[in-house]
Amino acid sequence: LTFKCLPHVRFDKIIFRRPEDANDSVKETTSAKVQVLVFEIEDREMIGGSAYGGQKAICCTSDLAKLGACTEGSVIYRPSQVNPGWPKLFVASFDGSDLIATLPSRTIPITKTGMYNMYFIHCDPSLADLEIEGKTIWKNPTGYLPGRMSPLKNFFGLMSFAFVVLGIYWFYQYMKSWREVLPLQNCITLVITLGMLEMALWYFEYAEFNETGVRPKGITFWAVTFGTVKRTAAEIIVLIVSMGYGVVTPTLGGLTSKVVMLGGTFFLATETLELVENLGAVNDLSGKARLFLVYPVAILDAAFVIWIFISLAKTIGKLQVRKPLLCILYYFFSCSALSFVLALPPPPPPHTHTHTPHLRDLRGAGLCITDHS
Amino acid sequence: MAKLEIYRKFAIALIVSVLVSVGWIGYEVMLIHMKAIF
């Protein structure tokens, strides 16, 4: 029982299944096998080999076997010099004409901090259509959260606290001047409330994931939805304030439908991206799928920022009719900020996506206060 | 004019946030390029 608390990697009832039709041709071969290689990232040079320094092969071919470096049909690896006993190799064999090979359940204790990898390898062409079933369990010293996610639990705990402090401050200000509250400020209250809920939900999501090893889909869904509503509302508020709504002009006139349309599209794109990225997902998304979803969000986000700055320049221009020089200066300022936005670098390569919480999340709430002052 | 002052502060806050965001993106991209895994 105490063993359960220590970091480990565990295979649980892993079954390999080979298709029936392939079976006839391989009946004669002695026994096809699937090999499971577990290694730490620093030992990656110990895996695979090549005869004459060409491209590295993971499987031992007959050519390499003739050189006496390895046995044909098995994985090539050398023992690690830094981690004695690693890499670890496990084998599941298909006996005779069996269609199923089972990997016995097993727990590998992890005693050294590192980035561990598990490869399922077969060197037998007859196993090309192999199917794999079962689960692997990865336990870190602090819980089941994957290493790249474990700082997020503390981050969202802190953010929840920060939002509570912000909420108290906002509520205090709100109460102090409740007679002159604008409808806009009620929207800001909504954004802060949604932010508080979002951060708390993310915290509970990661706490639950850490405890059980399974991502709770319900909590993820609501965290994503609250967050997306919050972001959309925050962007729309900043945009309509920039347009002068409630301060310079009483209505937005014909622009309302355009604002609603941009907001709606932004909401849909963001919600889709975040759901695909987080709902029940433990691994990173593959490159192209993610890029396909990231670009709409990035473009719509940029559209918001550009529209905000254009409207802001117009509004300030209107307020400052008597000082044309300052007005031009402001226009210049906004335009240079715009060109910065347009020159944004492309999003980072997806496979190294680090899940750093976006600064954007902080922006919505931060600006609301400046707006109030 | 009070309204103008509010908008001046608002514009500065927006510009600062955009610059900080761009800086942050640049920092992350730099990090990724410096320690590319696999």
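Residues numbered from 1 in each chain as written. Chains lettered and ligands numbered in written order. Predicted model: local features only at pLDDT ≥ 70, side-chain atom pairs only at ≥ 80, totals over all residues. Heavy atoms only, no water.

Caption draft 1: Highlighting the side chain of Gln35(A). With respect to the helices, strands and loops of the structure, Gln35(A) is situated in strand E2 (residues 33-40). Once you skip the residues sitting within four places of it in the chain, Gln35(A) turns out to touch Gly73(A), Ser74(A), Val75(A), Leu89(A), Phe90(A), Val91(A), Tyr119(A), Phe120(A), Ile121(A) and Cys123(A). (Helix = DSSP H or I, 4+ residues; strand = E, 2+ residues; numbered from the N terminus. Contact = heavy atoms within 4.5 Å.)

Caption draft 2: Seen up close, the pairing of strand E1 (residues 8-17) of chain A. Residue and element names in this part refer to chain A. Direction of pairing for E1 relative to strand E5 (residues 106-109): antiparallel, over a ladder of four bridges. Bridge pairing in E5 links Arg10 to Thr107. Pairing analysis gives eight bridges linking E1 to strand E7 (residues 131-139), with the strands arranged antiparallel. In the strand pairing of E7, Phe16 is matched with Ile132. Relative to strand E4 (residues 100-103), E1 runs antiparallel, the two being bridged by four bridges. Opposite Ile14, over in E4, you have Leu103 as the bridge partner. (Pairing = 2+ DSSP bridges.)

Caption draft 3: Structural detail: the pattern of salt bridges. Residues and elements named next belong to chain A. Taken as a whole and judged by the stated rule, the model has six salt bridges over all chains. Of the charged contacts in the structure, one is a salt bridge between Asp12 and Arg10, with a shortest N-O distance of 3.8 Å. Look at Asp12 and you get buried, because its relative accessible area is 16%. Note on Arg10: relative accessible area 26%, which makes it partly exposed. We note a salt bridge from Glu277 to Arg290, for which the minimum N-O separation is 2.6 Å. With Glu277 in helix H6 (residues 255-278) and Arg290 in helix H7 (residues 287-319), the pair connects residues that are 13 residues apart, well separated along the chain. Judged by relative accessible area, Glu277 falls into the buried class, the value being 11%. (Salt bridge = Lys/Arg side-chain N within 4 Å of Asp/Glu carboxyl O. Buried < 20%, exposed > 50% of the residue type's maximum accessible area, 1.4 Å probe, protein only.)

Caption draft 4: The packing of helix H5 (residues 217-242) of chain A against helix H1 (residues 2-34) of chain B, seen in detail. Put simply, H5(A) and H1(B) touch, their axes get as near as 11 Å, and they point 135° apart. With respect to each other, H5(A) and H1(B) are oriented oblique. As for the relative orientation of H5(A) and H1(B), their crossing is left-handed in sense. Of H1(B), the residues touching H5(A) (which contributes Val238(A), Val241(A) and Ser242(A)) are Tyr7(B), Phe10(B) and Leu14(B). Partitioned by chemical class, the residues of the contact of H5(A) with H1(B) number five nonpolar, one polar and no charged. (Axes fitted to C-alpha atoms, helices over the stretch in contact; angles between N-to-C directions. Parallel < 35°, antiparallel > 145°, perpendicular 65-115°, else oblique. Left-handed = near helix turned anticlockwise from the far one by under 90°. Nonpolar A, V, L, I, M, F, W, Y, C, P; charged D, E, K, R; others polar.)

Caption draft 5: Local environment of unusual backbone geometry. Its identity is not glycine, yet Lys13(A) carries a phi of approximately 50°, on the positive side. Within the secondary structure layout, Lys13(A) lies in strand E1.

Caption draft 6: Summary view of the confidence of the model for chain A. Averaged over every residue, the pLDDT of chain A is 77; residues scoring 70 or more account for 79%. pLDDT under 50 marks residues 344-373 of chain A. Its contacts with residues more than four places away, or in other chains, come to 61 contacts. (pLDDT = per-residue confidence, 0-100.)

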